[in-house]
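This is what each chain is made of:
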Amino acid sequence: MTGQPTLFDLLDFERETVAATPWRGAPLAYSTKYHQPADLAAAFDRYKAERGSFGCIPRSHMWHTSIGGVEDAPAIDGHDLHLFTADAWCREADHDHSAAPLPGQGMYQANCGRCRWHHIAPSWQEVVEALHDHALPGWRSLPSVPAKLCRSDSTQATAALTRWASENYPEQWQRPGAPIITPRSEHGRRHVPGRSPFGGFDLAAD
Ligand SMILES: [Zn+2]
Ligand SMILES: [Zn+2]
């Protein structure tokens, strides 16, 4: 019996139409070769259009920016910086990765579209630091903010930290996208995008 096509039929039809259109962009799989940030994003969109969004991150193993904050790389000195992550391990019964084995863990990628530069590693910290080495060499010699200024996220504490940075950071490091270095406790050592008073990363001191 044939009735009206359901929403699912229509979605299937749309996906089949997309799948029938040749794709010559970045791979629809985990890859480590250099691709422009926009090409990585376009490939992930294509995967979703072809196979749906459900489970697209663990099933595709592709580079994406959809996890909160991961894409928030600052714009610095004309560099075109982006951060991606990929679920590069597999628990899917219908997948065979023997031809191109996955690294078996979550991976991060920093990517500069202008310089065609990228750095891939399983460590967020390493990738964020590589991004700063690329776009802001010299950041490692910036002073760390005194610990007493980092004990609270209150408006007053943030104002005090901003004042300290404006008085103590070299002038050329007080520009949009510049990072700040803060001491951390044993927990919370993650580099945080957008938390510097200058709009760049709040980088954990060693
Ligand atoms: Zn660059
Ligand atoms: Zn897989």
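Every value quoted in this text rests on a predicted model; they were computed, and no experiment measured them.

Draft legend 1. Looking closely at the overall build of the protein chain. Scanning the protein chain from N- to C-terminus turns up 5 helices and 5 strands. Here the C-alpha atoms of the protein chain give a radius of gyration of 21 Å, more than 25% beyond the 17 Å that 2.2 N^0.38 yields for 206 residues. Dimensions along the principal axes, computed over C-alpha positions, put the protein chain at roughly 75 × 35 × 30 Å. Put simply, the protein chain has 206 residues, and 37% of those count as buried. Counting contacts in the protein chain only where the partners sit at least 6 residues apart, residues at least 24 apart contribute 49% of the total. Within the structure as shown, the protein chain displays about 11900 Å² of accessible surface, and the carbon and sulfur contribution to it stands at 53%. Side chains of the protein chain carry 19 positive and 24 negative charges; the gap between the two charge centres is 4 Å.

Draft legend 2. Fine view of the packing of aromatic side chains. With the rule as written, the count across this model stands at 5 aromatic pairs. Centre to centre, the rings of tryptophan 124 and phenylalanine 201 are 6.1 Å apart; their planes meet at 50°, and the pair counts as tilted. With tryptophan 124 in helix H4 (residues 124-135) and phenylalanine 201 in the loop between strand S4 (180-182) and strand S5 (202-204), the pair connects residues that are 77 residues apart, well separated along the chain. Comparing tryptophan 124 with phenylalanine 201 shows no difference in burial state: the two are buried. Their ring planes at 35° and their centres at 6.3 Å tell us that tyrosine 169 and phenylalanine 198 sit as a pair that is tilted. Residue tyrosine 169 is located in the loop between helix H5 (155-168) and S4, and its partner phenylalanine 198 is located in the loop between S4 and S5; the two are separated by 29 residues in the primary sequence. Residue phenylalanine 198 is classed as buried on the basis of its relative accessible area of 16%. Ring-pair connections join several aromatic residues into one group, and the members of that group are Tyr108, Trp124 and Phe201. Positioned above the aromatic ring of tryptophan 173, the side-chain terminus of arginine 175 is 5.9 Å from the ring centre.

Draft legend 3. Up close: the side chain of histidine 79. Tracing the backbone through its elements, the reader meets histidine 79 in the loop between helix H3 (56-60) and strand S1 (81-88). On the basis of relative accessible area, histidine 79 is assigned to the buried category, the value being 14%. Among the polar contacts made by the side chain of histidine 79, one reaches the side chain of histidine 134 at a distance of 3.2 Å.

Draft legend 4. Main features of the coordination of the zinc ion (ligand 2). Only His61 (NE2), Cys90 (SG), His95 (ND1) and His97 (NE2) from the protein coordinate the zinc ion (ligand 2), and they sit 2.0 to 2.2 Å from it. Relative to the metal, the 4 donor atoms surrounding the zinc ion (ligand 2) lie at angles of 102 to 116°, and the coordination shape comes out tetrahedral. Counting residues between consecutive donors of the zinc ion (ligand 2) along the chain gives the motif H-x28-C-x4-H-x1-H. Here histidine 97 falls in the partly exposed class, since its relative accessible area comes to 25%.

Draft legend 5. Layout of the sheet that holds S1. The strand order S1-S2-S3 describes an open sheet built from 3 strands, whose pairing is antiparallel. The strands lining the two open edges of the sheet, one partner per strand, are S1 and strand S3 (117-121). With strand direction ignored, the average angle separating the axes of adjacent strands in the sheet is 20°. As judged from the 8 bridges shared by S1 and strand S2 (residues 105-112), these two strands associate in the antiparallel manner.

Cut-offs and rules
- Residues numbered from 1 in each chain as written.
- Chains lettered and ligands numbered in written order.
- Predicted model: local features only at pLDDT ≥ 70, side-chain atom pairs only at ≥ 80, totals over all residues.
- Heavy atoms only, no water.
- Helix = DSSP H or I, 4+ residues; strand = E, 2+ residues; numbered from the N terminus.
- Rg over C-alpha atoms; globule rule 2.2 N^0.38 Å.
- Buried < 20%, exposed > 50% of the residue type's maximum accessible area, 1.4 Å probe, protein only.
- Contact = heavy atoms within 4.5 Å.
- Areas by Shrake-Rupley, 256 points an atom, 1.4 Å probe, with all protein chains shown as cover.
- Lys, Arg positive; Asp, Glu negative; His and termini not counted.
- Charge placed at Lys NZ, Arg CZ, Asp CG, Glu CD.
- Phe/Tyr/Trp six-rings, centres within 6.5 Å; stacked < 30°, edge-to-face > 60°.
- Lys NZ or Arg CZ within 6 Å of the ring centre and 35° of its normal.
- Polar contact = N/O pair within 3.5 Å; in protein donor to acceptor, adjacent residues only side chain to side chain.
- Donors = N, O, S within 2.8 Å, 3.2 Å for Na, K, Ca; no water.
- Tetrahedral: all angles 85-135°; square planar, octahedral: opposite > 155°, others 65-115°.
- Pairing = 2+ DSSP bridges.
- Axes fitted to C-alpha atoms, helices over the stretch in contact; angles between N-to-C directions.

Function cannot be inferred from these measures alone, as they are strictly geometric.
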